[in-house]
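So you can see what is in the structure, the chains are spelled out below.
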Amino acid sequence: MIVINKFGGGVINGAIPIKHLFEIFKSYSPDDYSVNVFSAFGKTTNKLEKIVNNYIKAETIEGKKLLDELKFFHIEIAQELFPKNHTIFFIIEDIFQKIQHTLSIIGQHKNAAYIYDQIVPFGEILASQIVSEYFSYIGISNKLIHATDFLKTDSNFNSANVDKKATFENLKVYMGEGILSLYKNIITQGFIGFSDKGMTTLGREGSDYTAGLLGNLLNANKVILWKDVPGVMDKDPKLSGNENAKKINFLTYDNLDDLLQTATSGLVHPKIVHPKTINEVKEKRISLQVRSFWDLNSEGTLIS
Ligand code: ASP
Ligand code: MG
């Protein structure tokens with residue numbers, strides 16, 4: 001069985017949820033393969049957006065301050081997961097040096113969308129590196145495969161369009177049967193890809209879409225979106241007055257699509273699933289599950 005898991009920044013916001021990942025992976029049998037799509041931890045993407053804006057406006061002191069905070073946030077997480085002197089600390093250092101270097105040459109580029117896409121993906125890169133190293137450290141077999149190696153897009157920075165054909169060909173090389181059976185668990189990034197002109201992003205909250213796309217191209221058995229809510233709820237549980245929101249157990253792809261399109265305040269949480277995800281799973285009739293990251297006894301919502 002091939003399962004695509006997507007873990008967003010809403011649930012993975014510190015060391016405790018990263019440790020909790022073990023509870024999910026210990027249930028996989030030796031002939032299960034998983035491809036795990038991570039987005040940036042917590043509010044990292046928002047912070048990186050601010051940092052990019054600061055540097056574009058030449059507010060380098062403020063930008064540098066935020067960047068130091070973001071580095072500290074990642075180091076603190078790593079300190080709770082790894083012993084001192086673990087290679088992860090060098091990896092984090094190296095990534096922040098790359099970010100700093102790219103920011104220092106920003107003045108040479110005029111295109112803000114291009115600059116954004118050369119910086120913001122590092123949130124996903126940091127997250128996936130930390131999780132992959134942690135899995136290796138606790139003995140969960142895995143391989144980190146960067147989306148910037150296989151997820152080919154055009155150069156429409158900030159909301160790049162995926163070249164599905166090229167991506168499919170790349171996946172045959174990067175996530176072929178041999179690789180899957182050797183490593184069992186693949187770790188990769190949502191939301192990011194590459195074009196002939198550099199890194200690209202698929203638009204905010206795009207990691208669900210990456211998960212759906214991988215499900216489609218790898219003919220997965222299931223795509224699971226792990227959330228901080230029990231599943232798709234009949235009302236937006238994050239709005240006050242909706243404390244009695246109930247989980248919907250089953251939905252068809254079209255039901256979900258309709259729900260998302262009509263989602264206005266008070267109804268289903270409009271961002272529960274990125275809309276582009278649905279077409280990808282629907283095309284290959286892959287079941288999509290939206291389930292609680294913390295309550296592993298609940299099956300959440302099954303969309304099929
Ligand atoms: N990290 C990106 C964002 O916050 C992508 C995602 O979370 O899906 O928009
Ligand atoms: Mg995110």
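Here, the structure is the one placed above.
Numbering of residues begins from 1 in every chain and follows the order in which that chain's sequence is written. Here the convention is simple: chains get letters from A, ligands get numbers from 1, in the order in which they are written. Local features in this predicted model are restricted to residues whose pLDDT is 70 or higher, and side-chain atom pairs enter the listing and the counts only when it is 80 or higher, whereas totals over whole chains, interfaces and linings include all residues. The basis for every side-chain value is the complete set of heavy atoms in the structure, and neither hydrogens nor water enter the calculation.

(A) Looking closely at the overall build of the chain. Per the secondary structure count, the chain includes 12 helices and 10 strands. The size measure is the radius of gyration over C-alpha atoms, and the globule rule it meets is 2.2 Å times the number of residues to the 0.38 power. Rg of the C-alpha trace for the chain: 19 Å, near the compact-globule value of 19 Å for 304 residues, within the 12% margin. Burial classes follow relative accessibility: with a 1.4 Å probe on protein chains only, a residue under 20% of its type's maximum area counts as buried, one over 50% as exposed, and anything between as partly exposed. A buried classification covers 52% of the 304 residues belonging to the chain. Pairs of residues are marked as contacts when any of their non-hydrogen atoms sit within 4.5 Å. Within the chain, residue pairs in contact and separated by at least 24 positions form 74% of the contacts whose partners lie at least 6 positions apart. Each accessible area is a Shrake-Rupley estimate made with a 1.4 Å probe; only the visible protein chains count as cover when residues are assessed. For the chain, the accessible surface area stands at approximately 13600 Å², while carbon and sulfur atoms represent 52% of it. Only four residue types enter the tally: Lys and Arg on the positive side, Asp and Glu on the negative side, with His and both chain ends excluded. Where a charge lies is defined by one atom per residue type: Lys uses NZ, Arg uses CZ, Asp uses CG and Glu uses CD. The centroid of the 33 positive side-chain charges in the chain is displaced by 1 Å from the centroid of its 34 negative side-chain charges. Per the convention used, a helix needs a DSSP run of H or I reaching at least four residues, while a strand needs a run of E reaching at least two, with both numbered from the N terminus.

(B) Fine view of the site of ligand 1. Definition of nearness: a residue and a molecule or strand are near each other if at least one heavy atom of the residue lies within 4 Å of the molecule or strand. As a structural note, the neighbourhood of ligand 1 is formed by Ser39, Ala40, Thr45, Glu124, Phe191, Arg204, Glu205, Gly206 and Ser207. We define a polar contact as two N or O atoms separated by no more than 3.5 Å, with the added condition that, inside protein, one atom must be a possible hydrogen donor and the other a possible acceptor, whereas residues neighbouring each other in sequence contribute only through side-chain atom pairs. At a separation of 2.5 Å, an oxygen atom of ligand 1 approaches a polar side-chain atom of Arg204. For ligand 1, an oxygen atom lies 2.9 Å from a polar atom in the side chain of Ser207. For cavity detection a 1 Å grid was placed over the protein atoms alone, and a set of points counts as a cavity when a 1.4 Å probe fits there but cannot get out; an open set counts as a pocket when protein lies on both sides within 12 Å along at least five of seven lines, with lining residues being those that have an atom within 4 Å of a point. Placement in a cavity or pocket follows one criterion, namely that more than half of the molecule's atoms lie within 2 Å of its grid points. Among the detected pockets, ligand 1 sits in the largest pocket. The residue makeup of the shell around ligand 1, split by class, is 2 nonpolar, 4 polar and 3 charged. Note that Gly is not counted as nonpolar here; it falls among the polar residues with everything else outside the nonpolar set of Ala, Val, Leu, Ile, Met, Phe, Trp, Tyr, Cys and Pro and the charged set of Asp, Glu, Lys and Arg.

(C) Broad picture of a nonpolar patch on the surface. A surface patch of nonpolar side chains, amounting to about 260 Å² of accessible area, comprises Phe22, Tyr137 and Ile138. Examined against the element boundaries, Tyr137 turns out to sit in helix α6 (residues 122-138). Of the residues examined, Tyr137 reaches a relative accessible area of 44% and is grouped as partly exposed. Only residues whose relative accessible area exceeds 30% and that take part in no salt bridge are eligible for patches, with like-charged residues grouped when within 9 Å of each other and nonpolar side chains (Val, Leu, Ile, Met, Phe, Trp, Tyr) grouped when within 5 Å. Salt bridge criterion: a side-chain nitrogen from Lys or Arg within 4 Å of a carboxyl oxygen from Asp or Glu.

(D) Representation of the nonpolar core. The set of buried Ala, Val, Leu, Ile, Met, Phe, Trp, Tyr and Cys residues whose side-chain atoms join them within 4.5 Å is what this entry labels a nonpolar core. Within the largest apolar cluster, 91 residues are counted, with the highest numbers of intra-cluster contacts made by Ile4 and Leu21. Tallying contributions element by element places α6 first for this core, with 8 residues. When near neighbours in sequence (up to four residues on either side) are disregarded, Ile4 contacts Val35, Val37, Ala211, Leu214, Gly215, Leu218, Ala220, Lys222, Val223 and Ile224.

(E) Here's a closer look at the sheet that holds strand β9 (residues 287-292). Taking strand neighbours across the sheet as the criterion, the 8 strands line up as β3-β4-β2-β1-β7-β9-β10-β8 in an open arrangement whose pairing is mixed. Whereas interior strands pair on both sides, the edge strands pair on one side only; in this sheet they are β3 (143-144) and β8 (250-251). When strand β2 (residues 33-38) meets strand β4 (residues 185-189), the two strands line up parallel, connected through 5 bridges. Looking at β4, one finds that Val35 is bridged to Ile186. This element, α6, spans β2, β3 and β4 of the sheet and lies at about 160 degrees to β4. Pairs of strands are assigned from DSSP output, requiring at least two bridges between the strands. Angles run from 0 to 180 degrees between N-to-C directions of axes, and those axes are lines fitted to C-alpha atoms, restricted for helices to the stretch in contact.

(F) Local environment of α6. How far a helix is expected to stretch is found by multiplying one less than its residue total by 1.5 Å. Relative to the 24 Å expected for 17 residues at 1.5 Å per residue, α6 spans 24 Å between its end C-alpha atoms, a close match to the ideal helical length. Summarising burial for α6: 13 of the 17 residues are buried, a large majority. Where α6 ends, the next residue or the one after it, Gly139, has phi of about 90 degrees, a positive value.

Distances and angles like these do not, on their own, reveal function.
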